[in-house]
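Here are the chains, one letter per residue:
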Amino acid sequence: MKKSATRIICFLVLLTVMFGCWNAIFKVKYGDGIYGVTKFYELEDNTVDVLILGSSHAFEDFNTGTLWDEYGMAGYVLGGSVQPMWNTYYYLKEALKTQSPKLIVLEGYCTTFFSEYIDDSRIIKNNYGLRWSGDKIESLKASVPKERWGEFFLEYVQYHTRYKELENGDFQPNQGNPLYEDWKGFGCNMVTTPLEVIDVRGITEPAEMYEKTEKYYRMIMELADEEGIPIIVIISPYAGITEWEQSIYIRASEIAQEYSVPFLNCNLINHDIGVDFVSDVADPGHLNYKGNQKFSKYIGVHLKSNYEIPDRRGDNKYKTWQDDADFIRQMIYDQELIETTNAGLIAEKLNNPNYWVFVSVDGTCNTSDEKIRGLLNTVGIYEENANGIWFLEQGTSLWTAFLDDDELYKRTAPHDFHLQRSYDEETGIYTNAVIIDNTQYKKVTNGVNILVYDTMTEKIADNIGVNADDNYNIVR
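Rules used throughout
Residues numbered from 1 in each chain as written. Predicted model: local features only at pLDDT ≥ 70, side-chain atom pairs only at ≥ 80, totals over all residues. Heavy atoms only, no water. Buried < 20%, exposed > 50% of the residue type's maximum accessible area, 1.4 Å probe, protein only. Helix = DSSP H or I, 4+ residues; strand = E, 2+ residues; numbered from the N terminus. Contact = heavy atoms within 4.5 Å. Salt bridge = Lys/Arg side-chain N within 4 Å of Asp/Glu carboxyl O. Patch = residues over 30% accessible without salt bridge, like charges linked within 9 Å, V, L, I, M, F, W, Y side chains within 5 Å. Areas by Shrake-Rupley, 256 points an atom, 1.4 Å probe, with all protein chains shown as cover. Lys, Arg positive; Asp, Glu negative; His and termini not counted. Charge placed at Lys NZ, Arg CZ, Asp CG, Glu CD. Core = buried A, V, L, I, M, F, W, Y, C linked by side-chain atoms within 4.5 Å. Phe/Tyr/Trp six-rings, centres within 6.5 Å; stacked < 30°, edge-to-face > 60°. Expected span 1.5 Å × (residues − 1). Pairing = 2+ DSSP bridges. Axes fitted to C-alpha atoms, helices over the stretch in contact; angles between N-to-C directions. 1 Å grid on protein atoms, 1.4 Å probe; cavity = no way out; pocket = protein on both sides within 12 Å on 5 of 7 lines; lining within 4 Å. Points joined across faces, edges and corners; volume = space filled by probe spheres on them. Nonpolar A, V, L, I, M, F, W, Y, C, P; charged D, E, K, R; others polar.

A. Broad picture of helix α5 (residues 85-95). Along α5, 10 of the 11 residues are buried, which leaves the element largely enclosed by surrounding structure. Taken together, the buried positions of α5 are M85, W86, N87, T88, Y89, Y90, Y91, L92, E94 and A95.

B. View of the side chain of N292. Take N292: it is sitting in helix α13 (residues 289-306). On the basis of relative accessibility, which here comes to 0%, the residue N292 falls in the buried class. Every residue in contact with N292, bar those within four places of it in the chain, is listed here: E60, D61, N63, F186, C188 and L287.

C. Representation of the pattern of salt bridges. Throughout the structure, instances matching the rule amount to 24 salt bridges. The salt bridge partner of K97 is E94, with a shortest N-O separation of 2.8 Å. Looking at K97, the relative accessible area reads 45%, which means it is partly exposed. As a salt-bridge pair, E254 and R251 come within 3.2 Å of each other at their nearest N and O atoms. Remark: R251 and E254 occur in helix α11 (residues 243-258); sequence separation between them is 3 residues, near one turn of the helix. Under the relative-accessibility criterion, E254 is labelled partly exposed at 32%. We classify R251 as buried; its relative accessible area is 15%. Several salt bridges share partner residues, and in doing so they unite K93, E94, K97 and D135 into one network.

D. Here's a closer look at a negative patch on the surface. A surface patch of like charges, here negative, comprises D404, D405, D406, E407, D424, E425 and E426. Looking at where E426 falls in the secondary structure, it is placed in the loop between β12 (416-424) and β13 (429-436). Residue E426 is classed as exposed on the basis of its relative accessible area, which comes to 79%.

E. Highlighting the nonpolar core. By size, the foremost hydrophobic cluster in this structure holds 50 residues, and its most contacted members are F40, L51, L78, L92, L106, Y217 and I231. Broken down by element, the residue count for this core peaks at 7 residues, all from α5. Leaving out residues up to four positions away in the same chain, L106 has contacts with L53, M85, T88, Y217, I220, I231, I232, V233 and I234. V50, A239, L264 and V281 belong to the second largest nonpolar core, which has 27 residues in total.

F. Fine view of the packing of aromatic side chains. A full pass over the atoms with the stated rule returns 23 aromatic pairs. Measuring from centroid to centroid gives 5.7 Å for F114 and W244, while their planes differ by 80 degrees, and the two rings are edge-to-face. Note that F114 is positioned in the loop between β3 (103-107) and α6 (120-125) and W244 in helix α11, a separation of 130 residues in sequence. The exposure class of F114 is partly exposed, given its relative accessible area of 48%. The exposure class of W244 is partly exposed, given its relative accessible area of 39%.

G. Structural context of α11. Spanning 16 residues, α11 covers 23 Å between terminal C-alpha atoms, matching the ideal 22 Å at 1.5 Å per step. Count one or two residues on from α11 and you reach S260, which has phi positive near 55 degrees.

H. Region of the structure containing the sheet that holds strand β2 (residues 75-79). The 5 strands are arranged β2-β1-β3-β4-β5 in an open sheet whose pairing can be described as parallel. Edge positions in the sheet fall to β2 and β5 (263-265), since each has one partner strand and no second. Along the sheet, successive strands turn relative to each other by an average axial angle of 20 degrees, direction set aside. In this sheet, strand β4 (residues 231-235) lies alongside β3 in parallel orientation, the contact comprising 4 bridges. Across the sheet, I104 pairs through a bridge with I231, a residue of β4. Of the strands in this sheet, β3, β4 and β5 touch helix α10 (residues 211-227), which is tilted by about 145 degrees from β4.

I. Quick peek at the layout of surface pockets. Roughly 400 Å³ of internal volume is contained in the second largest pocket. If you trace the second largest pocket, you find 20 residues lining it, with L179, C188, M190, M331 and K459 closest to the centre. Among the elements of the structure, α14 (319-338) and β16 (459-467) are those that each provide at least two residues to the lining of the second largest pocket. The greatest single-element share of the lining of the second largest pocket, amounting to 5 residues, is contributed by α14. A class-by-class count of the residues in the lining of the second largest pocket yields 12 nonpolar, 5 polar and 3 charged.

Structural data, given as structure tokens:
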């Protein structure tokens, strides 16, 4: 009898372990709603000073790196794609189980949501990151029509068929992406889309909020009040704002006043913030990397001026915030490199401590030419006959082949590098090859090819050609 019981217990333990491993691999890991919660659970208790809640208007516009770099704010963006107010409420409840923020920032775009439920994908993104608890159950009940509860409460029903979708990241910590190592919930949008903005400053009449949205909007402010935590509602600036949405924000502001909660609609002051809708937006709803830095600097000044938020810079307990800011800054630097079109400026930007630079001078390119020589000297190549391959770090040559045949194999955890210079006896010509993960990178056949690998982001930052046959124009 005892042996049978032991066997049953062992079987159940083994089954639980196997299901846990299966679930860890197959579960969905969206960065715009699930993984932000996953990483939030990894935080040390009571380290978040500024808790930012909301939809993608929150996690694409509030730059946690800028808030840290400029003001030492330990901020975290806990949001989800198209997140309705009921999910925001339960995110806040979940967050307060482990964190005691000095301030809650509610990005208020979700006050405009005007439906009882959202689409299936967003139901998943805004619920499946939460740990199982009574609050998660209530969040799901608020998110899903009762007749469909079975589809969403049994989560594996939604993702058990992901066999064909599985990627290497599903089997690795942090999805194999260094971005998520110290992530604080912010997603930096690098796209630039010039847009015109509607001036809504003349709209003065309120419009009624959807009943369910208003209910949970009020519940969020009431919960903050119960916990004794200051809260502010902020609407981040976006080009696609409509007059109706502005009317909703007027009503949202009136409701906030009932609770003595400050309300800041940045669509009315985007000129003060300095946001240019030609250069600073990614799409009608979100700021890009230039816009989110301007917006976050402005918001940082406002928050520091009106709330007691400590500067955590230099405190080793908050090292992950520094690491997160460093990573965001590096991603932005990579984007600035991609957008640089002057060869001299490109060469200067290559002097970055996180860059490996692979330079190959190909074809019959004349390395004595003034423009080519200036470019090569700037990156740290001074040999007169420089038709070859160089592997450089901050202007220092780590390996080179320009006189004879040679090759280099370099293996890192994420990538394999193969540099090869070889001689073709039939043609009497040397050829250069820069190969990463079995893919050769070459933009021009006659000129200078530059491949930039970022050791922090573990990605190719840029692939550039300087075409000697076309007036040394930049090719990307």
